[in-house]
Amino acid sequence: MYIYQWLKKIKLYYSYYNNNIFYECLILLKYVLNKNNLWIIINKNKYKISYLKLVFLNYLLYRRLKGEPICYIINKCYFLSFKYKIYFDIFIPRQDSEIMVKYVISLIKISNFKRILDLGTGSGVIAISISKYCPNIYILGIDRNILCIKLAKYNSLKLNSNNTFFKKSNWFSYFKNKKYKLFDIIISNPPYLNYCKYNNDIKFESFISLFSNNNGLKDIIYIILNSYNYLYNYGWLIIEHCFSQVDIVIFSFNFRGYYNIYSYKDYNNKFRFTVGQKIIN
């Protein structure tokens, strides 16, 4: 079967599953054939897909139609234009988090901050992306999942992020007996979904990376209350949350004594992250 024939079949029989299915099939096609868009355009009427590759391609399509995220199928994702390795059951970074990361990058450059902590680093995309734009800083990513730490180290190596380091830790437990435990910025995209709002759209993703107790607020409040002890004076906490949690998040920042508290919106014009500054006069 030629490339154009397979794509025509997709458009004819599967487009009702998903509006993006044709675009996603192009991604699967590039993955299986190990070719780029230009090559496929030039050769779609010339190249005949082998039987084995066709079977594999249809198998990947079957997985996608069952709802599995395409990032897990091709084992990669993009964040701030950088390509990252991703594995099943490790949180897939969302595009909306890019705005938070861009905010941190601008804050580092304006204030000349040097020490950054990424809480719940996952595949390392936040820490590594910041390091690529700010090569003169020290940034530490921590996660309680050792598989996340291994993946983050792999991504760091592949992207030549020499100033990024990763350690296994359940939030701040790593710093219990450490001498140097203060940071200029603490950034986190913690679990913040409510268990009651579980749906099939996220059934393939890491449960512990998405959901938290107390209506999704347990980890957020813990981080807000405890980060204060790990920030230099005039340091910042930046934390992602659900738009519906913005009021309680702002209240928690105020309760802990942060100043200059602001919430910012994502690409969908919904409040997505809040910042606060530690100031001791």
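Each chain has its residues counted from 1, running along the sequence as written. Local features in a predicted model are, by the rule used here, given only for residues with pLDDT of at least 70; side-chain atom pairs are given and counted only at 80 or more, and totals for whole chains, interfaces and linings are based on all residues. Only hydrogens and water are set aside when side-chain values are computed; all heavy atoms of the structure are taken into account.

Novice: Tell me about helix H7 (residues 125-133), and name the residues and values.
Specialist: For each residue, the accessible area found with a 1.4 Å probe, counting protein chains only, is set against the maximum for its type, and the residue is called buried under 20%, exposed over 50%, and partly exposed in between. Under the DSSP-based scheme used, a helix requires at least four consecutive residues in state H or I and a strand at least two consecutive residues in state E, with every element numbered from the N terminus. Among the 9 residues of H7, 7 are classified as buried, and the element is accordingly described as predominantly covered. For H7, the set of buried residues is Val125, Ile126, Ala127, Ile128, Ser129, Ile130 and Ser131.

Novice: Would you mind going over the pattern of salt bridges in detail, with residue names and values included?
Specialist: Oppositely charged side chains can pair when the atoms bearing their charge come close. What makes a salt bridge here is a side-chain nitrogen of Lys or Arg within 4 Å of a carboxyl oxygen of Asp or Glu, nothing more. Per the stated rule, a full pass over the model turns up 4 salt bridges. One salt bridge in this structure joins arginine 64 and glutamate 24, with 2.8 Å as the shortest N-O distance. Of the two residues, arginine 64 sits in helix H4 (residues 51-65) while glutamate 24 sits in helix H2 (residues 21-33), which places them 40 residues apart along the sequence. The same class applies to arginine 64 as to glutamate 24, namely buried. Among the salt bridges present, the one from arginine 94 reaches glutamate 205, with a minimum N-O distance of 2.6 Å. Here arginine 94 is found in the loop between strand E2 (82-85) and helix H6 (97-111), whereas its partner glutamate 205 is found in the loop between strand E6 (183-188) and helix H9 (207-210), with 111 residues between them in sequence.

Novice: Break down helix H12 (residues 246-256) for me, citing the residues and quoting the values.
Specialist: Given 3.6 residues per turn, any residue in an α-helix points the same way as the ones three and four places further on. Along H12, the residues that are buried comprise Val246, Val249, Ser252 and Phe253. When H12 is viewed along its axis, its buried side chains cluster within an angular range of 125 degrees and face the same direction. In H12, the exposed positions angled more than 90 degrees off the buried face are occupied by Asp247, Phe251 and Phe255. Taken from the residues just after H12, glycine 257 is the one with a positive phi, measuring 100 degrees. Our arc is simply the arc of the directions from the helix axis toward the C-beta atoms.

Novice: Would you mind going over the nonpolar core in detail, with residue names and values included?
Specialist: Here the nonpolar core consists of buried residues drawn from Ala, Val, Leu, Ile, Met, Phe, Trp, Tyr and Cys, with membership extended through side-chain atoms lying within 4.5 Å. If you look at the biggest cluster of nonpolar residues, it comprises 41 residues, and the most contacted ones within it are Ile130, Ile185 and Ile238. For this core, the leading source of residues is H6, giving 8 residues. Note on contacts: a residue pair is in contact if any heavy atoms of the two residues lie within 4.5 Å. Not counting the four nearest positions on each side in its chain, isoleucine 238 is found in contact with Met100, Tyr103, Val104, Leu107, Ile185, Ile186, Ile187, Ser188, Phe273, Thr274 and Val275. Judged by nonpolar contacts, the second largest core, of 24 residues, contains Leu117, Ile186, Ile220 and Phe253.

Novice: Lay out a nonpolar patch on the surface in plain terms, naming residues and giving numbers.
Specialist: Together, Tyr31, Phe56, Tyr59 and Tyr62 make up a nonpolar patch on the protein surface, roughly 420 Å² of accessible area in all. Sorting elements by how many residues they give to the nonpolar patch places H4 first, with 3 residues. Mapping tyrosine 59 onto the fold places it in helix H4. In this structure tyrosine 59 comes out as partly exposed when scored by relative accessible area, which is 44%. Residues enter patches when they are more than 30% accessible in relative terms and free of salt bridges; like-charged ones are connected within 9 Å and nonpolar ones (Val, Leu, Ile, Met, Phe, Trp, Tyr) within 5 Å. Each accessible area is a Shrake-Rupley estimate made with a 1.4 Å probe; only the visible protein chains count as cover when residues are assessed.

Novice: Quick rundown of the state of the cysteines? Include the residues and the values.
Specialist: Only a pair of cysteine sulfur atoms within 2.5 Å counts as a disulfide in this structure description. Under the definition given, this model contains 0 disulfides. Among the cysteines around cysteine 25, which has no disulfide bond, cysteine 71 carries the closest sulfur, lying 15 Å off. Cysteine 77 provides the cysteine sulfur closest to cysteine 71, a residue in no disulfide bond, and the two sulfurs are 5.2 Å apart.

Novice: Would you mind going over the pairing of strand E4 (residues 138-143) in detail, with residue names and values included?
Specialist: Counting buried positions along E4 gives 5 out of 6 residues, so the element sits mostly inside the fold. In terms of strand pairing, strand E3 (residues 115-119) meets E4 through 5 bridges, oriented parallel. Along E4, the bridge assignment pairs aspartate 118 with glycine 141. By definition, the crossover connecting two strands over a helix is right-handed if that path, from the first strand to the second, turns clockwise as seen with the strands pointing away from the viewer. Tracing the backbone out of E3, into H7 and back to the parallel element E4 gives a crossover that is right-handed. At least two bridges found by DSSP between two strands are what make those strands a pair. One ladder, built from 5 bridges, connects E4 with strand E5 (residues 164-168); its direction is parallel. Residue glycine 141 lies in a different strand from E5, and its bridge partner there is phenylalanine 166. Taken together, E4, helix H8 (residues 146-158) and E5 form a β-α-β motif whose crossover is right-handed.

Novice: Which residues make up the packing of aromatic side chains, and what values go with them?
Specialist: Any two rings among Phe, Tyr and Trp, with Trp reduced to its six-membered ring, count as a pair given centres within 6.5 Å; such a pair is stacked if its planes are under 30 degrees apart, edge-to-face if over 60, and tilted if neither. For the coordinates displayed, the defined rule picks out 16 aromatic pairs. Judged by centre distance (5.8 Å) and plane angle (45 degrees), the rings of phenylalanine 175 and tyrosine 230 are tilted. Linking phenylalanine 175 in the loop between E5 and E6 with tyrosine 230 in the loop between helix H11 (218-227) and strand E7 (231-240), this pair joins segments that are 55 residues apart in sequence. Take phenylalanine 175 and tyrosine 230: they sit in the same class, and that class is buried. Put simply, the rings of Phe172, Tyr174, Phe175, Phe183 and Tyr230 pair up and form one aromatic cluster. Geometrically, a charge over a ring is one whose NZ (Lys) or CZ (Arg) sits within 6 Å of the ring centre while staying within 35 degrees of the ring normal. Lying over the aromatic face of phenylalanine 183, arginine 115 brings its terminal NZ or CZ to 4.6 Å of the ring centre. The residue whose ring lies beneath lysine 265 is phenylalanine 271, and the NZ or CZ to ring-centre distance is 5.2 Å.

Novice: Lay out the side chain of arginine 115 in plain terms, naming residues and giving numbers.
Specialist: Within the element layout of this structure, arginine 115 appears in strand E3. One buried charge, arginine 115, has no salt-bridge partner; the nearest side chain with opposite charge is aspartate 184, at 6.1 Å. Only 2.8 Å separates the side chain of arginine 115 from the backbone oxygen of leucine 182, close enough to count as a polar contact. Filtering out sequence-adjacent residues up to four positions away, arginine 115 remains in contact with Tyr138, Tyr180, Lys181, Leu182, Phe183, Asp184, Ile185 and Tyr232. Neither His nor the chain ends is counted toward charge; the positive residues are Lys and Arg and the negative residues Asp and Glu. Definition of a polar contact: a pair of N or O atoms within 3.5 Å, with one able to donate and the other able to accept a hydrogen when the atoms are protein atoms, and with sequence-neighbouring residues admitted only if both atoms are side-chain atoms.

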